[in-house]
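Chain and residue survey
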Amino acid sequence: MRQYLVKVHCCGSRWLIHVPAVERWTPVDDKKAIESTARTMIADLTGVLPDSFGVDLAADRVLVSVEEYAAGQAALQRWHPARV
């Protein structure tokens, strides 16, 4: 089973997740939604089912704001989940 590294940053009252393998990041409001959001993002970008791969959550550095992260990550794109 394929494993994906998910870097997790504390960002004030929010969380920011970054998946290097798909070169995308996105903010998350609820800590409990980190893994499910990461799975949805990976599945959306790779075209596979969310339960067909594993995720390894890794704590990364604390951020002041989402804007701080975005400014330093010009090569990465922000992922926007589809609205249902």
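That block above? That's the structure.
As a starting point, this report considers the structure included with it. (Residues numbered from 1 in each chain as written. Predicted model: local features only at pLDDT ≥ 70, side-chain atom pairs only at ≥ 80, totals over all residues. Heavy atoms only, no water.)

Observations concerning the nonpolar core
- Within the largest apolar cluster, 16 residues are counted, with the highest numbers of intra-cluster contacts made by Val6, Ile17, Val19 and Ile42.
- Mapped by element, the contributors of at least two residues to this core are strand S1 (3–11), strand S2 (14–19) and helix H1 (34–46).
- Among the elements that make up this core, the one with the highest residue count is H1 (five residues).
- Discounting residues that sit within four places of it in the chain, Ile42 has contacts with Tyr4, Val6, Val19, Gly47, Phe53 and Val55.
- Judged by nonpolar contacts, the second largest core, of seven residues, contains Leu63, Val66, Tyr69 and Leu76. (Core = buried A, V, L, I, M, F, W, Y, C linked by side-chain atoms within 4.5 Å. Buried < 20%, exposed > 50% of the residue type's maximum accessible area, 1.4 Å probe, protein only. Helix = DSSP H or I, 4+ residues; strand = E, 2+ residues; numbered from the N terminus. Contact = heavy atoms within 4.5 Å.)

Quick look at the pairing of S1
- Relative to strand S4 (residues 54–59), S1 is paired through six bridges, and the arrangement is parallel. Note on S4: the bridge partner recorded for Val6 is Leu57.
- Where S1 hands over to S2, the hairpin turn is made up of two residues, of which Gly12 adopts a positive phi near 65 degrees. (Pairing = 2+ DSSP bridges.)

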